[in-house]
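Observations on chain architecture
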Amino acid sequence: MRLSIEPTGRTEFGPGVVADLPAYVDTLGRTRAFVVTDRGLRATGIVGRVEQILAAAGLEHAVHEDVGPNPSTAELDRGAARLREFGDAAVVALGGGSALDAAKGISLLAGNPGAAAADADRLWDAAEGLPLIAVPTTSGTGAETNGFGVTEDLCARRKVYIGHPSVKPRIAVLDPELTVGLPPAVTAATGLDALVHGVESLASRGSSPVSAAYAAQAVTLVGRWLPVAHRDGGDLEARSQLMLGAHLAGHALTLSGLGLVHGLGHALTAHTGTPHGVALAAVLEEVMTFSAPSAQAAYEAVGRALRVTPEPDWAAASIAAVREVSGALGIKRPLRDLGVTADLIPAIAEGALADAVTKNAPRHPSEAETVELLRSVY
């Protein structure tokens, strides 16, 4: 076995650490900040709090709020244009995975005048983007751990990966106070995403002892604390442990890659606009069942991480445990309730099979098997 692991960025964790944001900007040698966030976050008071922190330190800043739930290539292009106009700055990615992913693309495009987000495949060898600080306000995507993001090409109706080593966040600011009071539905969708990251990282063809160590601990933390945070959004201990679990899951997936659950989830979202975590929940247990013949050792690790009673069939036990977590969240829905029509299933299957993450799955499905899997949850 040969491993190549890049050093991780700096992580600052703890209640209230967002107050030190000006010092983190200074660490990057910048005196200005360009905040990228989503359109709905200001209503929570978090954007205003960050603005006050930056203003109190005398930091010139701008806030860019033109990011939707599934950011499009057009949104990234608009954000990059505004960042170029604002000038040299540290980019502060504030929000959930969509905002963090968009900020990476905006930072990279701003450093490459003339580039467009739709040309993401040609940007891996591009010039460097502006330095980035990630401040997640949900616990799920792990987007603060890596230098790539997912955007949506609305014309092609497909997900596009955009990234570069230079836009991997230099500092991840993990403040669990920013997640206190998240609505149960958002907690469920983002937390389920983190659980899937752990499960798929363990089963991935790219799994290694290092990624598996991150993933197993992530599954333990998320499996235990996600239902608690979902029941009581004000439980700071649950929010803290869930945030750490999601962060570890992000490190795992960065090293190992993901699999078919995410391939199907991306395709479902591209065709129906379904929130990412909800799309994953729709197919999670079914994909695990399909993959089990090629993922026995991985699913034993999942079962042990979730503290299930040892059984001869660890795969069945782990799938039952995952089903129990998902059931407690009330997140799983049939595809027809997500806007999928029967005639759309072949296109979703085609999109999933074309997705790069699907190639990393422990068991590769045929087109017919993918269609059948989707029909089973229709």
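As a starting point, this report considers the structure included with it. (Residues numbered from 1 in each chain as written. Predicted model: local features only at pLDDT ≥ 70, side-chain atom pairs only at ≥ 80, totals over all residues. Heavy atoms only, no water.)

**A short note on the packing of aromatic side chains**
Under the defined criterion, the tally for this structure stands at 1 aromatic pair. Here Phe34 and Phe86 contribute two aromatic rings whose centre-to-centre distance is 5.7 Å and whose plane-to-plane angle is 45 degrees, an arrangement assigned as tilted. Remark: Phe86 occurs in helix H3 (residues 73–86) and Phe34 occurs in strand E2 (residues 32–36); sequence separation between them is 52 residues. In this pair, the class of Phe34 matches that of Phe86, namely buried. Above the face of the Phe86 ring, Arg32 is positioned so that its terminal group lies 3.9 Å from the ring centre. (Phe/Tyr/Trp six-rings, centres within 6.5 Å; stacked < 30°, edge-to-face > 60°. Helix = DSSP H or I, 4+ residues; strand = E, 2+ residues; numbered from the N terminus. Buried < 20%, exposed > 50% of the residue type's maximum accessible area, 1.4 Å probe, protein only. Lys NZ or Arg CZ within 6 Å of the ring centre and 35° of its normal.)

**What about helix H2 (residues 46–56)?**
Owing to its 3.6 residues per turn, the α-helix aligns residues three or four sequence positions apart on the same side. Here H2 has its buried residues at Ile46, Val47, Val50, Ile53 and Leu54. The buried residues of H2 all sit within an arc of 125 degrees when viewed along its axis, so they share a single face. Residues of H2 that are exposed and point over 90 degrees away from its buried face: Gln52 and Ala56. In this structure, the buried residues of H2 make contact with helix H1 (21–27), E2, strand E3 (60–64) and strand E4 (90–95). Following H2 by one or two positions, Gly58 adopts a phi angle in the positive range, close to 75 degrees. (Arc of directions from axis to C-beta. Contact = heavy atoms within 4.5 Å.)

**Details of the sheet that holds strand E5 (residues 132–136)**
Across the sheet, which stays open at both edges, the 6 strands sit in the order E1-E8-E5-E4-E2-E3 with parallel pairing between neighbours. A single partner strand is all that each edge strand has here, and the edge strands are strand E1 (10–13) and E3. Averaged over all neighbouring strand pairs, the angle between strand axes comes to 20 degrees, with direction disregarded. Here 2 bridges tie E5 to strand E8 (residues 171–174), and the two strands are oriented parallel to one another. Bridging across to E8, Ile133 finds its partner in Ile171. Contacts from H2 reach E2, E3 and E4 within the one sheet, and its direction differs from that of E3 by about 165 degrees. Across the sheet, helix H4 (residues 97–110) lies against E2, E3, E4 and E5, angled at about 160 degrees from E4, the strand it touches most. (Pairing = 2+ DSSP bridges. Axes fitted to C-alpha atoms, helices over the stretch in contact; angles between N-to-C directions.)

**Thoughts on the packing of helix H5 (residues 184–203) against helix H9 (residues 276–291)**
At a closest axis distance of 8 Å, the pairing of H5 and H9 adopts a crossing angle of 40 degrees. In this view, H5 runs oblique relative to H9, as classed from their interaxial angle. Like other packed secondary-structure pairs, H5 and H9 cross with a definite hand, here left-handed. Of the residues in H9, those touching H5 at Ala189, Leu192, Asp193, Val196 and Val199 are His276, Gly277, Val278, Leu280, Ala281, Leu284 and Met288. Split into classes, the residues belonging to the contact of H5 with H9 amount to 9 nonpolar, 2 polar and 1 charged. (Parallel < 35°, antiparallel > 145°, perpendicular 65-115°, else oblique. Left-handed = near helix turned anticlockwise from the far one by under 90°. Nonpolar A, V, L, I, M, F, W, Y, C, P; charged D, E, K, R; others polar.)

**Points about a nonpolar patch on the surface**
A cluster of nonpolar residues, Met1, Leu3, Ile5, Val210 and Leu255, forms a patch on the protein surface that exposes about 470 Å² of accessible area. Mapped onto the fold, Leu3 is located in the segment before E1. When its relative accessible area of 43% is taken as the criterion, Leu3 is described as partly exposed. (Patch = residues over 30% accessible without salt bridge, like charges linked within 9 Å, V, L, I, M, F, W, Y side chains within 5 Å. Areas by Shrake-Rupley, 256 points an atom, 1.4 Å probe, with all protein chains shown as cover. Salt bridge = Lys/Arg side-chain N within 4 Å of Asp/Glu carboxyl O.)

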